[in-house]
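In case you want the letters, here they are:
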Amino acid sequence: MRIDKMLANIGYGSRKEVKKLLKDGSVVVNDKVIKDSKQHVDPESDVVTVNGEVVEYKEFIYLMMNKPPGVISATEDNHDETVIDLLEFEDQVFQPFPVGRLDKDTEGLLLITNDGQLSHRLLSPKKHVPKKYFAVIEGVVTSEDGDAFKSGVTLDDGYMTKPAELTILKSGETSDIELTITEGKFHQVKRMFEAVGKRVMYLKRLTMGPLKLDDSLELGEYRELTEEEIEQLMTYEVK
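These remarks concern the structure in this document. Since we're looking at a predicted model, the values are computed, not measured.

Taken across its 8 residues, strand 10 (residues 174-181) has 6 buried, putting it largely inside the fold. Relative to strand 10, strand 8 (residues 131-138) runs antiparallel, the two being bridged by 8 bridges. Residue K132 lies in a different strand from strand 10, and its bridge partner there is T180. Two strands pair when backbone bridges link them, and strand 9 (residues 165-170) and strand 10 are joined in this way by 5 bridges, in the antiparallel orientation. Across the sheet, the residue bridging to I168 is I177, located in strand 10.

As structure tokens, then:
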């Protein structure tokens, strides 16, 4: 990989700014000052420093965010704040994107990465990756609703959902539930409850495949995935 491309990729500035760093003698590779922007380096084996600081290169970034309400799951928007806007600059330079979407008013687990292959695998309709949600529902949720979801319900556009698993945590004027679905249609959880005559008042995603929301993350906070979590995602197969 060219040294200018490597440094630009991890946030040391534009190609022009990186060339200035090189020209100034600020970049050292394996104890040798490098001024040629076309110089090739191996990020895995070469030791690169900029102004004396060792550069840690990584191709992919994997972030877990506790998405807050009012923020949209997109890379950019002309009107609303996006989940990418919440990232630190050093993470934005990797040009990551959200894996799937959470509605603007929905909270919880959102995976953000620049690994397109992983994203495709997790979102592919053929994979049926389960996603668990916690929701507060207006009205009494019954076992009959659970039976309906297990069989699949017809949404407002005529689509029949795949089987889903409903767990009733509390039932009353408002009901607390957990719902696990294996697809990701637009506003799916809300539309499923509308199909049985009820309304979602609050919605939060708890899991996506093997990945579970870190309870220590406040709304709007995020962290890098651990090596174990990345490995789980890479090797995950739906049973």
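Having seen the model, we can carry on.
The residue D31 is not glycine, and still its phi comes out positive at about 70 degrees. Position of D31 among the secondary structure elements: in the loop between strand 1 (27-29) and strand 2 (32-33). D31 sits in the exposed class, given a relative accessible area of 81%. One non-glycine residue with positive phi stands out, namely H187, at about 55 degrees. By secondary structure assignment, the location of H187 is in the loop between strand 10 and helix 6 (188-195). Take H187: its relative accessible area is 28%, and that puts it in the partly exposed class.

Strand order in the open sheet made by the 4 strands is 2-1-3-4, with antiparallel pairing throughout. Whereas interior strands pair on both sides, the edge strands pair on one side only; in this sheet they are strand 2 and strand 4 (53-54). Of the pairings in the sheet, the one linking strand 1 to strand 3 (residues 48-50) comprises 3 bridges and is antiparallel in character. Note on strand 3: the bridge partner recorded for V29 is V48.

As a further point, take the packing of aromatic side chains. Enumeration according to the criterion identifies 3 aromatic pairs in this entry. An angle of 65 degrees between the planes, with centres 6.1 Å apart, marks the rings of F134 and Y202 as edge-to-face. Residue F134 is found in strand 8, and its partner Y202 is found in strand 11 (residues 199-208); the two are separated by 68 residues along the sequence. Here F149 and F193 contribute two aromatic rings whose centre-to-centre distance is 5.0 Å and whose plane-to-plane angle is 90 degrees, an arrangement assigned as edge-to-face. Of this pair, F149 sits in helix 5 (residues 143-151) while F193 sits in helix 6; the two residues are 44 residues apart in sequence, bridging distant segments of the chain. K185 extends its terminal NZ or CZ atom over the ring of Y159, reaching a point 4.6 Å from the ring centre.

Quick look at the nonpolar core now. With 45 residues, the main nonpolar core has F149, L179 and F193 as its most contacted residues. Setting aside residues no more than four positions away along its own chain, F149 makes contact with K162, P163, A164, L166, L179, M192, F193 and V196. In terms of nonpolar packing, the next biggest core, distinct from the first, is built from 14 residues, M64, L111, M208 and L213 among them.

Here we come to the pattern of salt bridges. Going through the model one piece at a time under the given rule, you end up with 15 salt bridges. Of the charged contacts, one joins K190 and D105 as a salt bridge, the two residues approaching to 2.7 Å between their closest N and O atoms. Of the two residues, K190 sits in helix 6 while D105 sits in the loop between strand 6 (97-98) and strand 7 (107-113), which places them 85 residues apart along the sequence. Given a relative accessible area of 17%, K190 falls into the buried group. A salt bridge links D156 to R191; its shortest N-O distance comes to 2.8 Å. With D156 in the loop between helix 5 and strand 9 and R191 in helix 6, the pair connects residues that are 35 residues apart, well separated along the chain.

The rules behind the values
Residues numbered from 1 in each chain as written. Predicted model: local features only at pLDDT ≥ 70, side-chain atom pairs only at ≥ 80, totals over all residues. Heavy atoms only, no water. Buried < 20%, exposed > 50% of the residue type's maximum accessible area, 1.4 Å probe, protein only. Helix = DSSP H or I, 4+ residues; strand = E, 2+ residues; numbered from the N terminus. Pairing = 2+ DSSP bridges. Phe/Tyr/Trp six-rings, centres within 6.5 Å; stacked < 30°, edge-to-face > 60°. Lys NZ or Arg CZ within 6 Å of the ring centre and 35° of its normal. Core = buried A, V, L, I, M, F, W, Y, C linked by side-chain atoms within 4.5 Å. Contact = heavy atoms within 4.5 Å. Salt bridge = Lys/Arg side-chain N within 4 Å of Asp/Glu carboxyl O.

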